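Here is what each chain is made of, one letter per residue.
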Amino acid sequence: MAALPKCCVIGAGPSGFSTAKALQDRGIPFDCFEMSDVVGGTWAYKNKNGLSACYESLHIDTSKFRMSFEDFPIPSDFPDFPHHSQIFQYFNDYVDHFGLREKITFNTAVTHVTQDKDGLWHVTIDRSAEGGPSSETRYYDAVFVCNGHHWDARWPEFEGMNDFTGVQMHSHSYLTPFEPHDMRDKRIVVVGMGNSAMDIASELAQRPIAEKLFVSTRRGVWVMPKYINGKVADKGAMPAWIPLSVQRALGRRMIKKLIGNPENYGLPKPDHEPLDAHPSVSGEFLTRVGCGDITPKPNIKRFDGGVVEFADGSREEIDVVIYATGYNVSFPFMDENVVKVVDNHVPLYKRIFDPGNPSLFFMALAQPLPTLVNFAEQQMKLIGRYLTGQYALPDADEMKRTIAADDHMYTGHFYKSARHTMQLDFNRYVWEMDKEIKRGAKRAQAKPGLPVPPRAAQMGVAAE
């Protein structure tokens with residue numbers, strides 16, 4: 001077999017190990033580096049790398065029917081919405097079933113990635129966690145970025161927050177009502193109304209944990225149910241060929257009919273239609289609000305010692321503020337001249353390729369509905385063909401035009417927010433990718449050869 005490009009996979013979360021599996025299937029040489037001692041990324045509860053966003057009570061909001069890998073079905077006896085421990089076990093079973101564990105280098109952090117003038121990637125790793133060198137450089141033809149985007153906590157800024165006398169924490173640090181802080185008999189504000197905010201607020205609002213639980217939000221949201229007519233809400237999907245605008249119109253009508261207006265529950269009126277924002281999914285939050293266990297508040301205006309003043313002028317003595325305000329997209333191992341993130345957005349062709357760098361792949365750097373778990377598995381159908389010369393990219397100008405068109409199709413209807421820069425529809429994306437693979441196959445026939453020359457193997461491994 002002719003030599004193929006040597007690849008570096010950064011991270012062994014679900015996008016990393018499913019990428020590694022696809023490379024293994026095609027006989028493409030690779031190294032996979034994981035800074036922790038386990039696979040699973042954010043789904044490894046209390047991950048020793050400190051980057052897991054799991055809390056003890058977390059259940060995934062995507063149903064098992066939509067998060068299953070194509071060639072390794074999720075256990076049929078799993079509940080519709082599995083607990084994080086079950087997802088973690090599923091991931092480990094996948095890794096062991098396909099013999100990937102021995103292909104992953106654990107306790108190894110990637111600290112710097114740069115590219116020389118010939119296109120070769122220099123990847124610096126730190127293996128000191130296991131007694132190895134703290135700086136070692138290896139060489140690769142291609143790099144897969146699989147470091148996830150739910151670990152770099154995004155904090156808001158409010159007047160006086162630095163002088164607040166209570167506890168401030170991000171939801172990323174939340175584990176249980178008693179860890180890392182004891183929430184019993186506390187007056188608590190949860191800032192945000194995304195999925196994590198609703199989960200945490202619903203848990204802490206249970207008597208006799210919090211003395212009083214407030215949820216503060218800049219705008220109203222539509223809260224989606226997990227079940228519709230007794231069936232998992234995301235199990236059924238409209239055919240991908242139906243225009244997204246039509247799908248949204250039908251979906252809006254159904255949502256309004258099923259849950260009514262949020263203000264009927266005592267929540268603020270949304271300033272947008274259903275599906276014009278990333279949906280918040282909860283089977284419990286609305287009931288907690290309706291029962292009075294959760295008190296909605298507008299956005300925080302300022303802090304005054306131990307008092308929080310809200311935008312409506314109301315003031316409450318508060319012990320704990322939990323910011324469920326999302327995450328930054330960041331790549332601490334890469335310089336800005338390699339990749340620059342603006343408002344959590346990186347312009348990528350098919351959410352994979354930087355038009356100026358055909359050997360750098362961003363995996364699962366998206367917010368697809370309904371699932372992210374098996375997103376890289378779909379991306380690798382194209383990338384695997386690309387690395388073996390069966391798929392060719394269009395020229396840079398066409399890629400840029402397609403990026404703009406795709407961004408408009410997937411995010412044009414959302415209100416402006418950093419959380420909406422990576423949105424897309426999973427079914428539509430897979431459908432479009434199938435068509436793109438066929439177009440790229442024709443381009444490859446017209447221009448045969450490997451798009452990424454295999455040169456790294458000649459470099460070996462050298463200490464820095």
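Right, let's walk through the structure included here. (Residues numbered from 1 in each chain as written. Predicted model: local features only at pLDDT ≥ 70, side-chain atom pairs only at ≥ 80, totals over all residues. Heavy atoms only, no water.)

A word on the packing of aromatic side chains. Think of a pair of aromatic rings as described by two things: how far the centres are apart, and how the planes are tilted against each other in angle. Taken as a whole and judged by the stated rule, the model has 26 aromatic pairs. A ring pair is formed by Phe69 and Tyr94, whose centres lie 4.5 Å apart and whose planes are at 40 degrees; its orientation type is tilted. Here Tyr94 lies in helix α3 (residues 84–97) and Phe69 lies in the loop between α2 (64–67) and α3, a separation of 25 residues in the sequence. For Phe69, a relative accessible area of 1% translates into the label buried. A relative accessible area of 1% places Tyr94 in the buried class. Taken together, a centroid distance of 6.3 Å and an interplanar angle of 65 degrees make the contact between Tyr386 and Tyr391 edge-to-face. (Phe/Tyr/Trp six-rings, centres within 6.5 Å; stacked < 30°, edge-to-face > 60°. Helix = DSSP H or I, 4+ residues; strand = E, 2+ residues; numbered from the N terminus. Buried < 20%, exposed > 50% of the residue type's maximum accessible area, 1.4 Å probe, protein only.)

Here we come to the sheet that holds strand β17 (residues 300–304). The 3 strands lie next to each other as β17-β18-β19, forming an open sheet whose pairing is antiparallel. With partners counted over all chains shown, the strands left at the sheet margins are β17 and β19 (315–317), one partner each. Across the sheet, the mean angle from the axis of one strand to that of its neighbour is 25 degrees, orientation sign disregarded. (Pairing = 2+ DSSP bridges. Axes fitted to C-alpha atoms, helices over the stretch in contact; angles between N-to-C directions.)

Glancing now at the sheet that holds strand β9 (residues 167–170). A sheet is described by the order of its strands in space; here 5 strands give the open sequence β9-β20-β10-β11-β16, paired in parallel fashion. Whereas interior strands pair on both sides, the edge strands pair on one side only; in this sheet they are β9 and β16 (295–297). Put simply, the sheet's adjacent strands are angled 20 degrees from each other on average, direction ignored. Judged from the 4 bridges that link them, strand β10 (residues 187–191) and strand β20 (residues 320–323) form a sheet pairing that is parallel. Counted as the bridge partner of Ile188 is Val320 from β20.

On to the pattern of salt bridges, then. Considering all chains together, one arrives at 29 salt bridges under this definition. Across the pair Arg187 and Glu316 runs a salt bridge, and its minimum N-O distance is 2.7 Å. Of this pair, Arg187 sits in strand β10 while Glu316 sits in strand β19, and the two are 129 residues apart along the sequence. With relative accessibility at 19%, the residue Arg187 sits in the buried group. Under the relative-accessibility criterion, Glu316 is labelled buried at 18%. One connected set of salt bridges, linked through shared partners, spans Lys301, Arg302, Asp304, Glu309 and Arg315. (Salt bridge = Lys/Arg side-chain N within 4 Å of Asp/Glu carboxyl O.)

All right, on to the state of the cysteines then. This structure, assessed with the given rule, holds 0 disulfides. Cys32 provides the cysteine sulfur closest to Cys8, a residue in no disulfide bond, and the two sulfurs are 8.1 Å apart. Relative accessible area serves as the criterion here: at 0%, Cys8 is assigned to the buried category. The thiol sulfur of Cys32 is not disulfide-bonded, and the nearest other cysteine sulfur, from Cys146, lies at 7.2 Å. (Disulfide = S-S within 2.5 Å.)

Next up on the list: the environment of Lys48. Inspection of the secondary structure assignment puts Lys48 in the loop between β2 (30–33) and α2. Here Lys48 is in contact with Ser36, Asp37 and Asn107, once residues within four sequence places are set aside. (Contact = heavy atoms within 4.5 Å.)

Counting 88 residues, the largest nonpolar core has Phe144, Leu213, Phe285, Phe361 and Leu387 as its most contacted members. For this core, the leading source of residues is helix α7 (residues 375–387), giving 7 residues. Every residue in contact with Phe285, bar those within four places of it in the chain, is listed here: Met193, Met198, Ala201, Ser202, Val215, Val223, Leu267 and Ile294. Formed by 23 residues, the second largest nonpolar core is a distinct cluster that contains Val123, Met334, Val338 and Val339. (Core = buried A, V, L, I, M, F, W, Y, C linked by side-chain atoms within 4.5 Å.)

Where α7 meets helix α9 (residues 426–446), the axes come as close as 10 Å, and the angle between the chain directions of the two elements is 10 degrees. On the basis of their axis angle, the class for α7 and α9 is roughly parallel. On α9, the residues that touch Phe375, Gln378, Gln379, Lys381, Leu382 and Arg385 of α7 are Phe426, Tyr429, Val430, Met433, Glu436 and Ile437. For the contact of α7 with α9, the residue count by class is 7 nonpolar, 2 polar and 3 charged. (Parallel < 35°, antiparallel > 145°, perpendicular 65-115°, else oblique. Nonpolar A, V, L, I, M, F, W, Y, C, P; charged D, E, K, R; others polar.)

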